[in-house]
Amino acid sequence: MAGILVMKHLFFFVSVCLAINLAMCTSNIPNTKKTYIIQMDKWAKPDVFIDHVKWYSSLVKSVLASTPEKESTGHEEERLLYTYQTAFHGVAAHLSEEEVKKLQEQHGVLAVFPETKYQLHTTRSPMFLGLDRYDSSKLWSDRLSDHNVIVGVLDTGIWPESPSFNDTGMIGVPAHWKGACETGRGFEKHHCSKKIVGARVFYRGYEAAYGKINERDEYKSARDQDGHGTHTAGAVAGSLVHGANLLGYAYGNARGMAPGARVAAYKVCWVGGCFSSDILSAVDQAVADEVNVLSISLGGGVSSYNRDSLSIAAFGAMEKGVFVSCSAGNGGPDPISLTNVSPWITTVGASTMDRDFPATVKLGTGKIVTGASLYKGRTNLSTQKQYPLIYLGNNSSSPMPGSLCLEGTLDGAAVAGKIVICDRGINPRVQKGQVVKEAGGVGMILTNTAANGEELVADSHLLPAVAVGEMAGRAIKRYASARNATATLRFLGTKLGIRPSPVVAAFSSRGPNFLSLEILKPDMVAPGVNILAAWTGALGPSSLPIDQRRTNFNILSGTSMSCPHVSGIAALLKARHPDWSPAAIKSALMTTAYVHDNTYKSLKDASSATPSTPYDHGAGHINPRKAVDPGLIYDIGAQDYFEFLCTQDLSPSQLMVFGKFSNRTCHHLLANPGDLNYPAISAVFPEDEKILMLTLHRTVTNVGSPVSSYHVRVTSFKGAVVKVEPASLNFTSKHQKLSYKVTFETKSRQKAPEFGSLIWKDGTHKVRSPIVVTWLASL
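Residues numbered from 1 in each chain as written. Predicted model: local features only at pLDDT ≥ 70, side-chain atom pairs only at ≥ 80, totals over all residues. Heavy atoms only, no water.

1. Remarks on the overall build of the protein chain
Then comes step 1: Broken down by element type, the protein chain carries 20 helices and 40 strands.
Then comes step 2: Its C-alpha atoms put the protein chain at 80 × 75 × 60 Å along the principal axes.
Then comes step 3: Counting across all 779 residues of the protein chain, residues that qualify as buried make up 60%.
Then comes step 4: Surface accessibility of the protein chain: about 30200 Å² in total, with carbon and sulfur atoms responsible for 52%.
Then comes step 5: Distance between charge centres in the protein chain, computed from 77 positive and 65 negative side chains, equals 7 Å. (Helix = DSSP H or I, 4+ residues; strand = E, 2+ residues; numbered from the N terminus. Buried < 20%, exposed > 50% of the residue type's maximum accessible area, 1.4 Å probe, protein only. Areas by Shrake-Rupley, 256 points an atom, 1.4 Å probe, with all protein chains shown as cover. Lys, Arg positive; Asp, Glu negative; His and termini not counted. Charge placed at Lys NZ, Arg CZ, Asp CG, Glu CD.)

In structure tokens:
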């Protein structure tokens, strides 16, 4: 990694590009007005208004430009899209720039955020995580009354008929639930149940940008037409289903991480994307509905804390005791590609499992190359015959339209009857196969580029197709340039016991977290590659409109899949420890995570086949069985997070967006942002080379045996001497808190960050915190 200052400039450049792209995107929206989210000071409401909604409506009405349209209709009511009153306070409204400027001058307005477009971040995993039926029953509370944990899933809706949402044997809906079952096309009251306890839709921001949803083409209800929301909800809390599979692949028992938990579906994503005003309204409503966990598998760009409406809403949810889990993004293996980096959000990266779907390419030379595929169709290539092989690129590092198999780029005369080699990139992987099929090709070899490395993601293709790694792809393309090159494809089904596993997925977004280097992100990784879970009945497993196949389950990959694994396990921990705060649950997950694969070697990075770092895997891979009894936790309250924000160079008015509701003020308790009581430790030495010493502080809470003694072990670093004081912690009661400090003294400033760990051990527990030491470079 280059000097950290260079990366700072790179982050600025990426941020500017994201802003430009967003501006270009929104400028193409055919409306002269745009949606803005206006955060209000709840306590500034004048007494003349009987409630906040009347006040907000009056404010918006007061700034609207006078037009004949406004005078002849109740136009101001249409301009007010949402009111927010629980996790966030304010409104979303459709306004011109001139109207926004007027509104910003009004009493009680704290901040104004332009609408942002978010994108979705797109079973073996329970067993892989140690959650077989015996262990799961031990993790879940023994009391039926504690099967009351509700997970709110913000996504594309839900397919209620899926066997994963069967509520047989479940007790009644939890008494604390305040949600609703909203009806619409294809979704009636009876579609909610003791498993799906609520369903709501949020589309006003989307419609303000793109116009009315065409209800003939899309369900304007909680019914999931896309499949993504059904898949994530099933991964969180799907009921046990015997004999689950995708076209025969991954056959076995499917179930979510917390099969006893309840699901509340909040549909915020539509064909054109997911809009921040809708997402914000869903978070606000979910907290009011009294969900216990929020699972959000989507993200946008990175904004400063006070400009990120989802971050602000998540802060409000955390204040109410709601655990918020978000996907890290699919921007890997590029560094600084994370989204959802606020410390009060649990940010989840993706990793592989020990299950694979092997397929082979046999070349005319007799050489056999192993790849992956989920192809299952009527047409199979004969393994006794060789087929002509063609590649329409030039083997350079720059793919061409033909080599990418983009729509309309393949010459039917050239590819008919042949196996076509296609490079990954630009268009969806399954769509490349369809392009080959329509051009008359009989099969496809999908080759990774340098960005994907050797990671193999299996897809449910519509023609015989095999995905191969970058090195194998290069060799196949070299062979294809020879005259009369041939190949055939073979599909080998499901294979278990893959080694090494887990491996950090190449697509999983990476750190560092340049919003705050002192907060290590992602927080952890969880299974996110080739995950079998529930699926919509409205779409085939390839998600292509032409795909007429229908399945109860599908196999997908992405941090969208890893996020609900953590959400579900958080639900298990909440049921077992109802008094734990969101930070306590996160701490238990982080300090018990492991950093070695099933070959007892360090976790690897799929993009490079080299050991991954905490910038890739965070604290490590989740370990639910250990998390239920972590020994010690690093707890953080809402005021502690606010104190962290006080170290982030935010103005008083910017801090008000987090502190006004609870009248929080800065007590300046943290000398360094790295002093936040986070389960990971990141020591950042400033550019001033005269500063050679840095001390960070932590406090742990005993949640294990009342009387226990812990001793510390810390990694040695090349660039710094690390000292922990005290070196032992002796507890005499449960919930007792003890503090320690970690001092870093520079020996030799390093150009790249150094990674290590700090572990507290008592003979039963190993409470592990990753450590990153960074020296900022001067110009």
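Next, the rest of the story.
2. Description of unusual backbone geometry
Then comes step 1: The peptide bond linking Arg499 to Pro500 adopts the cis configuration, its omega dihedral lying at 0°.
Then comes step 2: Relative to the elements of secondary structure, Pro500 occurs in the loop between β25 (495-496) and β26 (503-504).
Then comes step 3: Of note, the bond from Lys521 into Pro522 is cis; its omega dihedral lies within 30 degrees of zero at 0°.
Then comes step 4: Locating Pro522 in the fold gives a position in the loop between β26 and β27 (524-527).
Then comes step 5: Its identity is not glycine, yet His735 carries a phi of approximately 70°, on the positive side.

3. Section: the UniProt feature "domain: Subtilisin-like protease fibronectin type-III" (unreviewed entry) in the protein chain
Then comes step 1: The positions UniProt marks with the feature "domain: Subtilisin-like protease fibronectin type-III" (unreviewed entry) are residues 675-773.
Then comes step 2: The annotated region residues 675-773 carries 0% helix and 59% strand content, and the separation between its end C-alpha atoms amounts to 14 Å. (UniProt positions renumbered as here; feature names shortened; annotations may be inferred.)

4. Describing the packing of aromatic side chains
Then comes step 1: Enumeration according to the criterion identifies 23 aromatic pairs in this entry.
Then comes step 2: Where Trp55 meets Tyr56, the ring centres are 5.6 Å apart and the plane angle is 35°; that geometry is what we call tilted.
Then comes step 3: On the accessibility criterion, Trp55 (3% relative accessible area) is buried.
Then comes step 4: With a centroid separation of 5.8 Å and an interplanar angle of 5°, the aromatic rings of Phe685 and Trp775 are classed as stacked. Residue Phe685 is located in strand β33 (residues 681-685), and its partner Trp775 is located in strand β40 (residues 766-775); the two are separated by 90 residues in the primary sequence.
Then comes step 5: Residue Phe685 is classed as buried on the basis of its relative accessible area of 0%.
Then comes step 6: Residue Trp775 is classed as buried on the basis of its relative accessible area of 3%.
Then comes step 7: Across from the ring centre of Tyr203, 4.4 Å away, lies the NZ or CZ of Lys220, which sits over that ring. (Phe/Tyr/Trp six-rings, centres within 6.5 Å; stacked < 30°, edge-to-face > 60°. Lys NZ or Arg CZ within 6 Å of the ring centre and 35° of its normal.)

5. Description of the sheet that holds strand β11 (residues 269-270)
Then comes step 1: Read from one edge of the open sheet, four strands run β11-β12-β5-β14, paired in antiparallel fashion. Two strands close off the open sheet at either side, each with one partner strand: β11 and β14 (298-299).
Then comes step 2: Bridge analysis of β11 against strand β12 (residues 273-275) gives two bridges, and the strand direction is antiparallel. Residue pairing across strands places Cys269 opposite Cys274, the latter belonging to β12. (Pairing = 2+ DSSP bridges.)

6. Quick look at the sheet that holds strand β37 (residues 728-731)
Then comes step 1: Taken together, the five strands give an open sheet; going across it, the order is β33-β40-β39-β35-β37, and neighbouring strands pair in mixed fashion. The open sheet terminates on both sides in strands that have one partner only, identified here as β33 and β37. Each strand of the sheet is rotated relative to its neighbour by a mean of 20°, with strand direction disregarded.
Then comes step 2: With five bridges connecting them, β33 and β40 associate as parallel partners. The residue bridging Ser682 from the neighbouring strand is Val772, located in β40. (Axes fitted to C-alpha atoms, helices over the stretch in contact; angles between N-to-C directions.)

7. Some words on the state of the cysteines
Then comes step 1: Evaluated as defined, the whole model comprises four disulfides.
Then comes step 2: One disulfide bridge connects Cys269 with Cys274, the sulfur atoms lying 2.1 Å from each other. Residues Cys269 and Cys274 are joined by a disulfide whose S-S torsion is about 105°; by sign, that bridge is right-handed. We note that Cys269, like Cys274, is buried.
Then comes step 3: Counting its disulfide-bonded cysteines in sequence order, the protein chain shows a connectivity of 1-2, 3-4, 5-6, 7-8.
Then comes step 4: Among the cysteines around Cys326, which has no disulfide bond, Cys563 carries the closest sulfur, lying 6.1 Å off.
Then comes step 5: Since its relative accessible area comes to 0%, Cys563 is described here as buried. (Disulfide = S-S within 2.5 Å.)

8. Looking at the nonpolar core
Then comes step 1: Grouped together as the largest cluster of nonpolar side chains are 115 residues, with contacts concentrated most on Val283, Trp344 and Leu645.
Then comes step 2: Ignoring anything within four residues of it in the chain, the contact list for Trp344 reads Tyr305, Ser311, Ala314, Phe315, Met318, Lys586, Tyr641, Leu645 and Phe658.
Then comes step 3: Counting residues in hydrophobic clusters, the runner-up holds 35 residues, among them Tyr249, Ala359, Leu363 and Tyr479. (Core = buried A, V, L, I, M, F, W, Y, C linked by side-chain atoms within 4.5 Å. Contact = heavy atoms within 4.5 Å.)

9. Concerning empty space enclosed by the protein
It is the rolling of a water-molecule-sized probe over the atoms that shows where space remains empty.
Then comes step 1: Of the voids in this model, the largest cavity is the one considered here, and its volume is about 180 Å³.
Then comes step 2: Taken together, 19 residues line the largest cavity, and the ones lying closest to its centre are Gln39, Ala87, His89, Val657 and Phe661.
Then comes step 3: Those elements that provide at least two residues to the lining of the largest cavity are β1 (34-40), α11 (309-319) and α20 (652-659).
Then comes step 4: Among the elements that make up the lining of the largest cavity, the one with the highest residue count is α11 (four residues).
Then comes step 5: In terms of residue class, the lining of the largest cavity is built from 11 nonpolar, four polar and four charged. (1 Å grid on protein atoms, 1.4 Å probe; cavity = no way out; pocket = protein on both sides within 12 Å on 5 of 7 lines; lining within 4 Å. Points joined across faces, edges and corners; volume = space filled by probe spheres on them. Nonpolar A, V, L, I, M, F, W, Y, C, P; charged D, E, K, R; others polar.)

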